[in-house]
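What follows is the residue order along each chain.
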Amino acid sequence: MSDTGNGAPEATPGVRLTAEEKAAKFAELAQRIRGMQPEDAAASAARAGAARAEASMAEAPESETAVPAEQAAPPVPAPAAPAAPAAPSAPAAPAAPSAPVLRPAEPSTDVLQRTVAVLSAGGAPVELAAAAVAAFGDGAAERLREDPWAVLGLPGVRPEHADHFARGLLGASVGPDDPRRAQALVVWVLEQAALRGHSAQELSEVAAGLERLRMPEPAAAIEEALADGRVLPFQEELTGAEAHTSAAGDGDGDEPPTRTLLALETLAMAEVSLAEKLLQLMASFVPGEDGGEQDGDEPSADSGSESEPEGPAETAPVSPGSAAWEAAAEAAPSSSATALIRAVAGSALVLHTGGEAARAEPAALLAAATGLGLRAWAAAWTDQGKASFAALGEAGGPVVTLAELLSGTAGPGRAADGTLALDLLIVLDAPLLDVELAATVLESLADGTRLVLSGDPGQLWSAGPGRFFADLLAAKVCPAVASRTPDFGPIGELVSGVGVGELQPVEAPDKEVVILTAKDGGEAVHRAVQLLTDSIPRALGIPAEQVVLLTPGHGGPAGTRALNAAAKARLNPGPGRFGGFDPGDRVVESPAPGVVRPARVVDGDAAGLHLEYPDGSRRTVPPAEAGRLRHGWALTVHQSLGRRWPAAVVVVPEDAAPALSRQWVYTAFGRGERHLSVVHAAGPALVQAVAERPAQPRTTRLRAILAENAVDAD
């Protein structure tokens, strides 16, 4: 047995399938999936999930609280193995804010030693032991010995590394078609797709991914994963242009064209739960009636303080009637705010779209609902978003971050049944919700609660899988209010043009917008740092601390690493004596994957790095967590979501073309409040991306599930 180029064992000669045989097997597999009932897949997943839960409870001590592997241990080097060329990584994007997690108790020395022994026997680095125990519990050693490809679920491990580890443990007995390998690789392919935002993948795309990993029989591998229950199959009817294309290709008009999708069990169940809860929320809604004491003089709960969570209201919530809502709508400050209030008066679920200036409309809704006596709260994505939204209200407004709301550190508190004690929730930056976080938000709402999802549909989608807000807009299952309030000024005009696919020059008499070109990434870095350190502070009076550099990714000649190194050399040179940082450095902290908090290094010692945040609070980051820190003069555009700066410098290097889209440009150009500089060396790629590539595509199931459930409800 020899190694292939990607580290996988080479298939035994004489057993390879021809292209026609593979196509026939996939056609047979797709036909069997078509014959499955949806409940068959759900029942299979439930049985597999129950079995895994029982096994994990048997392995892990009761005192431990499981946490995701990426939170339990920092990334570690992957096992040594013949390396394949690395594919370009997508730019880091902000994930959903998460509540604080309890870390498990430190694993015993005996457990670590057993795990280290197994890893060593397979030729894997022993540094993986802590991550393995965090992922698999006290039975990590036994799990890895029984299924070496389970190592693929640990941070930094790729298929070629897992194959190398399996050969080290199992020797010549291991084959490329081992059922354990098949199951692990199918799951890994879908997990990689989830990192790119897909909540599901077409059968043919999963098969192509398996073939790239030298899986001899991809159809058989997929069947193994389906039998395990960690992957679920779905048949979805095509609509629109896809349906016409498929019908033309098939030439058979007897049956509607369909596609076969595969999804990880967790994501499949999250999308199903999300759709069901959305429809349940709308079905259980009962509008208020006029009459009685509905004048709003006696709010049911004091919603003005967020210093600590409030307990559930002791009095019955008020339910204003149509006349009270109409009076509030007529008193609204704009026609768009009036339309939003009227929509919320008669619906449990309302979508609101608009740019930065349009945030005044949910602020007016929040004030109106509070005035009517409703327990109304707004949830923003970041602390900066919370502060800017609160400033729109007359008295600050009851607003928290989404992380604070879900963790209970601030907000309305919980009712006796565990749901949030409120009547109206306004979620800002709704396009940033992935399907799992959206499901969590919906599960926290009691029947009868009004939910308003507000955001700019032109901005980048969530870091996690799905396109929740976009799918809801497309499904048209609830009222949607499009703001007529434009973002003013040259930056607003430029961004609005990008939103409709046009990148046109705008008049900027006060230098609100400056476009510069560069011949390559090196020149782009030089120009960007000059703008940061000299031109913008000198010409516009905006200090460097209030200017951000934005770029598509971390690597490359003009990525965040190159920009931050150049900015540090100019603004705060030093040896990096505290883990690569010096007092005065701008940094960003990521307490959870994709969650970004800007800070400044005050000092450092054996206890860790002492950071100061924009609100004046301070925290010490211990050495073990310092890996989550990066220098913060330059960020990726994904990291900037939910925040704005007085000035932004957007850098578009020559190698950025694959990452560019209209969404990316729209989001990047909108990060500056008073000034925007664009330094680009991408040539025509920037204009082409705006005109021809609206967004990086994502495969999801939410829209189809909503349509199916709506038909069933009828």
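*Asks:* Lay out the overall build of the chain with the relevant residues and their values.
*Replies:* Secondary structure summary: the chain contains 25 helices and 19 strands in total. Counting every position in the chain, which comprises 714 residues, the buried fraction comes to 50%. Considering only contacts in the chain between residues 6 or more positions apart, those separated by 24 or more positions represent 74%. A total of about 31300 Å² of accessible surface is found on the chain, and carbon and sulfur atoms cover 53% of it.

*Asks:* Describe the sheet that holds strand E7 (residues 424–427), with residues and values.
*Replies:* Sheets are built from strands that pair by backbone hydrogen bonding, the pairs being arranged parallel or antiparallel. Spatially, six strands are ordered E6-E5-E7-E8-E4-E9 in an open sheet, and the strand pairing comes out parallel. Each having just a single partner strand, strand E6 (399–401) and strand E9 (480–482) make up the two edges of the open sheet. Strand after strand, the sheet turns through a mean of 20 degrees between neighbouring axes, direction not considered. Packed onto the sheet, helix H16 (residues 383–390) meets strand E5 (376–380) and E6 and runs at close to 170 degrees relative to E6.

*Asks:* I'd like a description of the pairing of E5, backed by residues and values.
*Replies:* For E5, the tally of buried residues reaches five of five residues, placing the bulk of the element in the interior. Burial along E5 is two-sided: the face carrying Ala376, Ala378 and Ala380 and the face carrying Trp377 and Ala379 are both buried. Here E5 pairs with E7 via four bridges, running parallel. Counted as the bridge partner of Trp377 is Leu425 from E7.

*Asks:* An account of the nonpolar core is requested, with residue identities and associated values reported.
*Replies:* Within the largest apolar cluster, 114 residues are counted, with the highest numbers of intra-cluster contacts made by Leu453 and Phe669. Among the elements that take part in this core, helix H8 (residues 179–195) stands out by supplying nine residues, more than any other. Excluding anything up to four places from it in sequence, Phe669 contacts Ile491, Leu494, Val495, Val498, Leu503, Val650, Leu676 and Val678. Grouped together as the second largest cluster of nonpolar side chains are 32 residues, Trp325, Ala343, Ala380 and Val452 included.

*Asks:* Run through the side chain of Thr700, naming residues and quoting values.
*Replies:* Within the element layout of this structure, Thr700 appears in the loop between helix H24 (685–692) and helix H25 (702–713). For Thr700, a relative accessible area of 10% translates into the label buried. Of the polar contacts made by the side chain of Thr700, one reaches the side chain of Asp471; its length is 2.7 Å. With sequence-adjacent residues up to four places away left out, Thr700 is seen in contact with Ser199, Glu236, Arg259, Glu271, Gly466, Arg467 and Asp471.

*Asks:* Requested: an account of the pattern of salt bridges, with residues and values cited.
*Replies:* Throughout the structure, instances matching the rule amount to 25 salt bridges. Where Arg180 meets Asp178, a salt bridge forms, and the shortest distance between an N and an O atom there is 2.9 Å. By relative accessible area, Asp178 is classed as buried at 12%. Between Glu625 and Arg619 there is a salt bridge, with its nearest N and O atoms 3.9 Å apart. You can call Arg619 partly exposed: its relative accessible area is 29%. Put simply, Glu589, Arg619, Glu625 and Arg628 are held in one network by salt bridges that share partners.

*Asks:* So, the packing of helix H20 (residues 489–499) against helix H23 (residues 662–669): which residues are in play, and what are the values?
*Replies:* It is the contact of H20 with H23, at a shortest axis distance of 9 Å, that shows an interaxial angle of 170 degrees. Between H20 and H23, the angle is such that the two are roughly antiparallel. Contacts between H20 and H23 involve Ile491, Leu494, Val495, Val498 and Gly499 on the former and, on the latter, Arg662, Val665, Tyr666 and Phe669. Split by residue class, the contact of H20 with H23 holds seven nonpolar, one polar and one charged.

*Asks:* I'd like to hear about the environment of Pro412, residue by residue, with values.
*Replies:* Checked against the element boundaries, Pro412 lands in the loop between helix H17 (402–407) and E7. Pro412 sits 12 residues away from Val400 along the chain, and the two C-alpha atoms are 9.7 Å apart.

*Asks:* Talk me through the packing of aromatic side chains; I want residue IDs and the actual numbers.
*Replies:* In this description, an aromatic ring pair is defined by two values, namely the gap between the centres and the angle between the planes. If you walk through the whole model with that rule in mind, you get zero aromatic pairs. Over the face of the ring belonging to Phe234 we find Arg701, whose NZ or CZ atom lies 3.6 Å from the ring centre.

*Asks:* Got a sec to walk through the confidence of the model for the chain? Specific residues and values, please.
*Replies:* For the chain, the average pLDDT comes to 83, and 77% of its residues sit at 70 or higher. Between the elements of the chain, mean pLDDT differs from a low of 32, seen in helix H3 (residues 69–72), to a high of 98, seen in strand E4 (residues 349–353). Taken as a whole, residues 1–14 scores under 50 in pLDDT and shows 37 contacts with residues more than four places along the chain or in a different chain. Segment residues 44–104 is flagged for pLDDT under 50; beyond a separation of four residues in sequence, or across chains, it makes 106 contacts in the model.

*Asks:* So what about unusual backbone geometry? Which residues, and what values?
*Replies:* Positive phi values are uncommon outside glycine, yet Asp429 reaches one of about 55 degrees. When you line up the elements, Asp429 lands in the loop between E7 and helix H18 (435–443). One non-glycine residue, Lys511, adopts positive backbone phi at about 60 degrees. Here Lys511 shows up in the loop between H20 and strand E10 (513–517).

*Asks:* Summarise the sheet that holds strand E2 (residues 231–237); cite the residues concerned and give the values.
*Replies:* Spatially, E1-E3-E2 is the arrangement adopted by the three strands of the open sheet, whose pairing is antiparallel. The sheet terminates laterally at strand E1 (201–202) and E2, the two strands that pair on one side only. Along the sheet, helix H12 (residues 265–283) makes contact with E2 and strand E3 (258–264), crossing E3 at roughly 110 degrees.

*Asks:* Report on helix H14 (residues 335–346), specifying residues and quantitative values.
*Replies:* With 12 residues, H14 should cover 16 Å at 1.5 Å per step; its first-to-last C-alpha distance of 17 Å lies within 8% of that length. For H14, the set of buried residues is Ser336, Ala337, Thr338, Leu340, Ile341, Ala343, Val344 and Ala345. Where H14 is buried, its residues meet helix H13 (322–330), E4, helix H15 (360–371), E7, strand E8 (450–455) and E9.

*Asks:* So what's going on with H15? Residues and values would help.
*Replies:* The terminal C-alpha atoms of H15, which comprises 12 residues, lie 16 Å apart, in line with the 16 Å expected from a rise of 1.5 Å per residue. For H15, the full list of buried residues reads Glu361, Pro362, Ala363, Ala364, Leu365, Leu366, Ala368 and Ala369. Positive backbone phi, at 95 degrees, marks Gly373, one or two positions downstream of H15.

*Asks:* An account of the environment of Ala364 is needed here, citing residue identities and associated values.
*Replies:* Position of Ala364 relative to the elements: it lies in helix H15. Considering only alpha carbons, one finds Ala364 and Pro333, 31 residues apart in sequence, at a separation of 7.3 Å. Residues in contact with Ala364, not counting those within four places in the same chain, are Pro333, Ala337 and Ile341.

*Asks:* Can you break down the side chain of Thr401 residue by residue, with the values?
*Replies:* Along the chain, Thr401 turns up in strand E6. Those residues in contact with Thr401 that lie beyond four places of it in its chain are Ala379, Ala380, Thr382, Asp383 and Lys386.

*Asks:* I'd like a rundown of the packing of helix H4 (residues 109–121) against helix H7 (residues 159–170), residues and numbers included.
*Replies:* Where H4 meets H7, the axes come as close as 8 Å, and the angle between the chain directions of the two elements is 95 degrees. As far as their axial angle goes, H7 and H4 are roughly perpendicular. Residues Val118, Leu119 and Ala121 of H4 form the contact with H7, whose participating residues are Phe165, Gly168 and Leu169.

*Asks:* Summarise the pairing of E8; cite the residues concerned and give the values.
*Replies:* The buried count for E8 comes to six of six residues, which makes it a mostly enclosed element. Every second residue of E8 is oriented toward a common face, with Arg450, Val452 and Ser454 on one face and Leu451, Leu453 and Gly455 on the other, all of them buried. Both E4 and E8 contribute to a ladder of five bridges, which runs parallel. Directly across from Leu349, in E8, lies its bridge partner Leu451. Direction of pairing for E7 relative to E8: parallel, over a ladder of four bridges. Each residue of the ladder has a partner; that of Leu424, found in E8, is Arg450. After leaving E7, the chain enters H18 and then returns to the sheet as E8, a path that is right-handed.

Cut-offs and rules
Residues numbered from 1 in each chain as written. Predicted model: local features only at pLDDT ≥ 70, side-chain atom pairs only at ≥ 80, totals over all residues. Heavy atoms only, no water. Helix = DSSP H or I, 4+ residues; strand = E, 2+ residues; numbered from the N terminus. Buried < 20%, exposed > 50% of the residue type's maximum accessible area, 1.4 Å probe, protein only. Contact = heavy atoms within 4.5 Å. Areas by Shrake-Rupley, 256 points an atom, 1.4 Å probe, with all protein chains shown as cover. Pairing = 2+ DSSP bridges. Axes fitted to C-alpha atoms, helices over the stretch in contact; angles between N-to-C directions. Core = buried A, V, L, I, M, F, W, Y, C linked by side-chain atoms within 4.5 Å. Polar contact = N/O pair within 3.5 Å; in protein donor to acceptor, adjacent residues only side chain to side chain. Salt bridge = Lys/Arg side-chain N within 4 Å of Asp/Glu carboxyl O. Parallel < 35°, antiparallel > 145°, perpendicular 65-115°, else oblique. Nonpolar A, V, L, I, M, F, W, Y, C, P; charged D, E, K, R; others polar. Phe/Tyr/Trp six-rings, centres within 6.5 Å; stacked < 30°, edge-to-face > 60°. Lys NZ or Arg CZ within 6 Å of the ring centre and 35° of its normal. pLDDT = per-residue confidence, 0-100. Expected span 1.5 Å × (residues − 1). Right-handed = clockwise from strand over helix to strand, strands pointing away.

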